[in-house]
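So the chains spell out like this:
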Amino acid sequence: MTHVEDELNSQPECWTRAGAEAAGHRRALPAAGERVAVVGCGTSYFMAQAFAALREGSDQGETDAFAASEFPHGRTYDRVLALTRSGTTTEVLDLLARLKGRTPTTAITADPDTPVMAAADDVVVLDYADERSVVQTRFATTALTLLRAHLGLHTDAAVADARTALAGALPEGLVECGQFTFLGRGWTVGLANEAGLKMREASLSWTEAYPAMEYRHGPISITTGGTATWMFGEAPEGLAEQVRATGALWIEGRLDPLAELVRAQRLAVAVAAARGLDPDQPRHLTRSVILAP
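Residues numbered from 1 in each chain as written. Predicted model: local features only at pLDDT ≥ 70, side-chain atom pairs only at ≥ 80, totals over all residues. Heavy atoms only, no water.

A. Summary view of the sheet that holds strand β3 (residues 79-84). Within the open sheet, the five strands sit side by side as β2-β1-β3-β4-β5. Their pairing is parallel. Bordering the open sheet on either side are β2 (63-67) and β5 (122-125), each of which pairs with just one other strand. Along the sheet, successive strands turn relative to each other by an average axial angle of 20°, direction set aside. Of the pairings in the sheet, the one linking β3 to strand β4 (residues 105-109) comprises five bridges and is parallel in character. (Pairing = 2+ DSSP bridges. Helix = DSSP H or I, 4+ residues; strand = E, 2+ residues; numbered from the N terminus. Axes fitted to C-alpha atoms, helices over the stretch in contact; angles between N-to-C directions.)

B. Main features of the nonpolar core. Of all hydrophobic cores here, the largest spans 60 residues; its most connected members are Ile108, Leu126, Leu144, Phe180, Phe182, Leu191 and Phe232. If you tally residues by element for this core, the top one is helix α10 (residues 257-274), at nine residues. With 17 residues, the next largest nonpolar core counts Ala37, Val80, Leu99 and Ala119 among its residues. (Core = buried A, V, L, I, M, F, W, Y, C linked by side-chain atoms within 4.5 Å. Buried < 20%, exposed > 50% of the residue type's maximum accessible area, 1.4 Å probe, protein only.)

C. Local environment of the packing of aromatic side chains. Enumeration over the complete set of coordinates arrives at eight aromatic pairs. Geometrically, the ring pair formed by Tyr210 and Tyr215 is tilted, given 6.5 Å between the ring centres and 35° between the ring planes. For Tyr215, a relative accessible area of 0% puts it in the buried group. An aromatic cluster of three or more residues is present, and its members are Phe66, Phe71 and Tyr77. (Phe/Tyr/Trp six-rings, centres within 6.5 Å; stacked < 30°, edge-to-face > 60°.)

D. Unusual backbone geometry, seen in detail. Unusually for a residue other than glycine, Asp59 sits at a positive phi of about 60°. Even without being glycine, Leu204 reaches a positive phi, approximately 55°. Residue position: Leu204 is located in the loop between α8 (188-203) and β7 (206-211).

E. How the structure looks around the packing of helix α3 (residues 43-57) against helix α6 (residues 138-150). The contact between α3 and α6 brings their axes to 10 Å, and the two run at 20°. Looking at the two axes, α3 sits roughly parallel to α6. The way α3 lies across α6 gives a crossing that is right-handed. Contacts from Thr43, Met47, Ala50, Phe51 and Leu54 of α3 reach α6 at Ala140, Leu144, Leu147 and Arg148. Each residue belonging to the contact of α3 with α6 can be placed in one class, and the counts come to seven nonpolar, one polar and one charged. (Parallel < 35°, antiparallel > 145°, perpendicular 65-115°, else oblique. Left-handed = near helix turned anticlockwise from the far one by under 90°. Contact = heavy atoms within 4.5 Å. Nonpolar A, V, L, I, M, F, W, Y, C, P; charged D, E, K, R; others polar.)

F. Representation of helix α7 (residues 156-167) within the structure. Over its 12 residues, α7 runs 17 Å from end to end, which matches the ideal 16 Å to within 8%, given 1.5 Å per residue. Every buried residue of α7 is accounted for by Ala158, Val159, Asp161, Ala162, Ala165 and Leu166. End-on view of α7: buried residues confined to an arc of 160°, all on one side of the axis. Across α7 from its buried face, at more than 90 degrees, point the exposed residues Asp156 and Ala167. On its buried face, α7 sits against α1 (3-9), α2 (11-21), α6 and α10. (Expected span 1.5 Å × (residues − 1). Arc of directions from axis to C-beta.)

This is the structure we're talking about:
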């Protein structure tokens with residue numbers, strides 16, 4: 001078993017622990033009514049997108065998500081929340097250093113022995129969700145579970161759905177597809193973006209991700225036999241029928257959307273295996289991007 005397989009299979013246990021510990025991190029995490037920016041790089045940026053939409057959707061306060069390198073320094077926020085598995089990513093550390101003493105910051109990380117511990121004002125350490133694999137799985141979903149629980153939006157049903165996602169067979173014919181499109185609405189747009197990234201990283205697949213309603217505005221033109229379109233959450237009316245009419249495989253997300261992401265992680269590993277690739281050794285990637293001075 002690869003590291004990424006072992007780690008993605010442990011997600012139900014990680015989510016259960018994060019849900020139970022969320023209340024203990026309340027003071028470090030954004031308070032209701034605060035104007036918040038959430039930042040990250042790669043997978044963490046997509047989790048930031050999901051959390052920002054969840055927080056605004058639950059009326060807890062204006063929330064923006066940015067890639068750490070694209071933070072708008074001309075805006076004012078009550079708190080900046082950084083997601084960084086390694087705690088060493090250059091863009092995140094540079095941003096936290098620039099905000100020091102000006103804007104309260106919190107970091108969620110997996111490694112307590114890294115520079116982020118001093119760079120952020122408050123730190124939440126999810127060391128039990130750390131990973132050996134370059135390809136992120138359990139840290140990202142555990143961090144988002146912690147944040148969902150902080151918002152009062154996490155339930156045991158999500159954990160049960162994650163177990164279902166790990167136990168059930170993938171849809172017939174899905175692994176053999178040559179192109180994959182992931183769709184979301186609201187907070188699941190970030191999950192769709194992350195599913196596409198997982199497929200590219202682990203299996204070198206041709207993947208795309210869009211807000212579901214935007215899919216009709218051009219991207220559906222590539223959809224045909226031998227491609228797959230996967231919906232995270234409830235699909236817009238008529239979209240499933242429109243995709244099926246192209247000859248493509250339509251995958252309807254029936255589980256909690258975060259559990260659907262677990263299924264997509266499994267697909268990435270399965271496609272990698274089918275293509276003779278090692279998902280623990282993604283091409284041109286390292287576990288953390290550390291830029292030389």
